[in-house]
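# What the coordinates show
The residues making up each chain are set out below.
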Amino acid sequence: MTSSRERDIYRVTIIGSIVNLLLLIFKFIAGFAGHSSAMIADAVHSLSDFFSDIVVIVMVRQSAKPEDKDHDYGHGKYETLASLIVGLMLAIVGLGIFYNGVSTTIAFFNGESIGQPTWIALIAAIVSIFAKEGIYRYTIYKERAIHSSALIANAWHHRSDALTSVAALVGIGGAMILGSKWAVLDPIAAAVVSIFIIKAAYDLIKPNLDELLEKALSEEQKQGISKIVLDTPGVVGMHRLRTRRVGNNLAIELHIKMDGNMSLRQAHEIATEVEKRLKQAYGNDIHTGIHMEPFQR
C-alpha cells in the first residue's frame with residue numbers, strides 16, 4: 001500500500017517534472033530561434049532536471065517497500081541512492097557548463113565571434129528564473145513536512161537551474177543592450193554560476209555517499225543516544241554503540257549492562273524500556289538491536 005509520505009513525494013516530484021518538461025521545450029525553441037548558446041545550455045540543464053525527477057520517482061517507490069527476506073533493514077537506501085545520483089548529475093552538468101563557459105570565453109578573446117541573441121531568449125531566461133525559483137520554494141516547503149533527502153536534492157537541482165538562468169539572463173541581456181562586443185558576458189557569467197552548482201552538488205553527494213558507506217552518526221548524536229540509554233532505570237552501563245542511517249531512519253545497535261542477578265523477565269523489560277525511549281526520541285521506524293550483559297563489579 002502506498003504511504004502518505006510516498007504519495008506526497010510523488011506529487012511534488014511530478015509537479016516539478018511537468019514544469020521541467022515545459023521549460024526545457026520552451027528553452028530549446030528559444031535557444032535555437034533566439035541564436036543563444038547560453039539558452040541552449042540552460043535547456044540542457046533543465047533536461048538533466050527532468051531526468052533527475054524520473055530517478056527520484058523510481059527510487060522513492062523502491063524505498064517505500066517494507067523489509068523482506070532479502071532486505072532486513074527495509075529499502076530506505078534506495079532514496080539515498082536517488083539523492084546521490086541527482087547530486088552526480090548536478091556535478092556533471094556544472095562541470096560541463098564551466099568547461100563550455102571557459103572555452104567559449106577563451107575563443108572570444110582569440111578573435112572568434114559570438115552571435116548576438118534576440119528577445120525570445122531573454123524572455124525564456126526570465127520565465128525560467130521565476131518558474132524554477134517557484135518550484136524550488138514549493139519543494140523545500142513540502143520537504144519540511146515530509147523530511148525526504150531525495151526532495152532536498154531535487155529542490156537544489158531546481159535552484160541550480162534558476163541560477164543558471166540568471167547567468168543566461170546576464171549574458172543575453174548584456175549582449176543585447178551593450179552590443180556584440182560584450183557578448184562574452186554570457187560565457188563568463190555561466191562559468192561563475194557553475195561553481196555554485198558544483199558546490200551544491202558536493203553538498204548533496206557527500207552526506208549520501210557517507211550513508212551508503214555506513215558512516216556512523218555524529219559524536220553529538222551518539223552522546224544523546226548514550227544519555228537516553230544510561231538514564232533508563234536498571235541500566236548500569238553500556239558499550240559497543242554502533243549507529244548508521246538507513247534512508248530517513250536510524251539503525252542503533254548497542255550492548256547494555258544490568259545486574260546479573262535479576263530474572264530474564266526483568267532484564268527483558270528493561271531492554272524494552274530502552275527501545276521505547278529511543279523510539280520516542282528518534283521515531284518509531286528506527287531499527288534497534290539491544291544485547292544484554294550482566295554487570296561485572
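Residues numbered from 1 in each chain as written. Predicted model: local features only at pLDDT ≥ 70, side-chain atom pairs only at ≥ 80, totals over all residues. Heavy atoms only, no water.

### Quick notes on the overall build of the chain
Across its full length, the chain carries eight helices and three strands. Along its sequence from the N terminus, the chain presents helices and strands in the succession α-α-α-α-α-α-α-β-β-α-β. For 297 residues, the compact-globule formula gives about 19 Å, and the C-alpha radius of gyration of the chain, at 25 Å, lies well above that figure. Overall size of the chain, expressed as C-alpha extent along the three principal axes, is 90 × 40 × 30 Å. Taken across its 297 residues, the chain has 45% of its residues classed as buried. (Helix = DSSP H or I, 4+ residues; strand = E, 2+ residues; numbered from the N terminus. Rg over C-alpha atoms; globule rule 2.2 N^0.38 Å. Buried < 20%, exposed > 50% of the residue type's maximum accessible area, 1.4 Å probe, protein only.)

### Regarding the side chain of Glu-133
With respect to the secondary-structure elements, Glu-133 resides in helix 4 (residues 119-146). Those residues within four positions of Glu-133 in sequence are excluded, and the remaining contacts are Ser-128, Arg-159 and Ala-162. (Contact = heavy atoms within 4.5 Å.)

### Overview of the packing of helix 7 (residues 219-230) against helix 8 (residues 264-282)
Close contact between helix 7 and helix 8 brings their axes to 9 Å; oriented N to C, the two are set at 140°. Regarding the angle of helix 7 to helix 8, the classification is oblique. Of the two elements, helix 7 crosses helix 8, and the hand of that crossing is right-handed. Listed contacts from helix 8 to Gln-221, Gly-224, Ile-225, Ile-228 and Val-229 of helix 7 are Val-274, Arg-277, Leu-278, Ala-281 and Tyr-282. (Axes fitted to C-alpha atoms, helices over the stretch in contact; angles between N-to-C directions. Parallel < 35°, antiparallel > 145°, perpendicular 65-115°, else oblique. Left-handed = near helix turned anticlockwise from the far one by under 90°.)

### Observations regarding helix 4
For helix 4, which comprises 28 residues, the first-to-last C-alpha distance of 40 Å matches the rise-based estimate of 40 Å (1.5 Å per residue) to within 8%. Phi turns positive, to about 60°, at His-147, one or two residues after helix 4. (Expected span 1.5 Å × (residues − 1).)

### Regarding the confidence of the model for the chain
When pLDDT is averaged along the chain, the result is 82, and 91% of the positions lie at 70 or above. In the model of the chain, helix 2 (residues 37-63) stands out as the element of lowest mean pLDDT, 74, in contrast to helix 8, which has the highest, 90. (pLDDT = per-residue confidence, 0-100.)

### Comments concerning the pairing of strand 3 (residues 287-294)
Strand direction decides the pairing type here: strand 2 (residues 249-258) and strand 3, joined by eight bridges, are parallel. Bridging across to strand 3, Ile-252 finds its partner in Thr-288. Once you follow strand 2 into helix 8 and on to strand 3, the crossover reads as right-handed. (Pairing = 2+ DSSP bridges. Right-handed = clockwise from strand over helix to strand, strands pointing away.)

### Brief notes about the packing of aromatic side chains
In the structure shown here, the tally under the stated rule is two aromatic pairs. The interplanar angle of 80° and the centroid separation of 5.5 Å between the aromatic rings of Phe-108 and Phe-109 together place this pair among those described as edge-to-face. With relative accessibility at 60%, the residue Phe-109 sits in the exposed group. Sitting above the plane of the Tyr-136 ring, Arg-159 keeps its charged end 3.9 Å from the centroid. (Phe/Tyr/Trp six-rings, centres within 6.5 Å; stacked < 30°, edge-to-face > 60°. Lys NZ or Arg CZ within 6 Å of the ring centre and 35° of its normal.)

### Some words on unusual backbone geometry
Although it is not a glycine, His-35 adopts a positive phi angle of roughly 55°. Its place among the elements puts His-35 in the loop between helix 1 (4-33) and helix 2.

### Quick notes on the side chain of Thr-232
For Thr-232, the location among the structural elements is in the loop between helix 7 and strand 1 (237-246). A relative accessible area of 1% places Thr-232 in the buried class. Contacts of Thr-232, omitting those with residues within four sequence positions, involve Ile-270, Glu-273, Val-274 and Arg-277.

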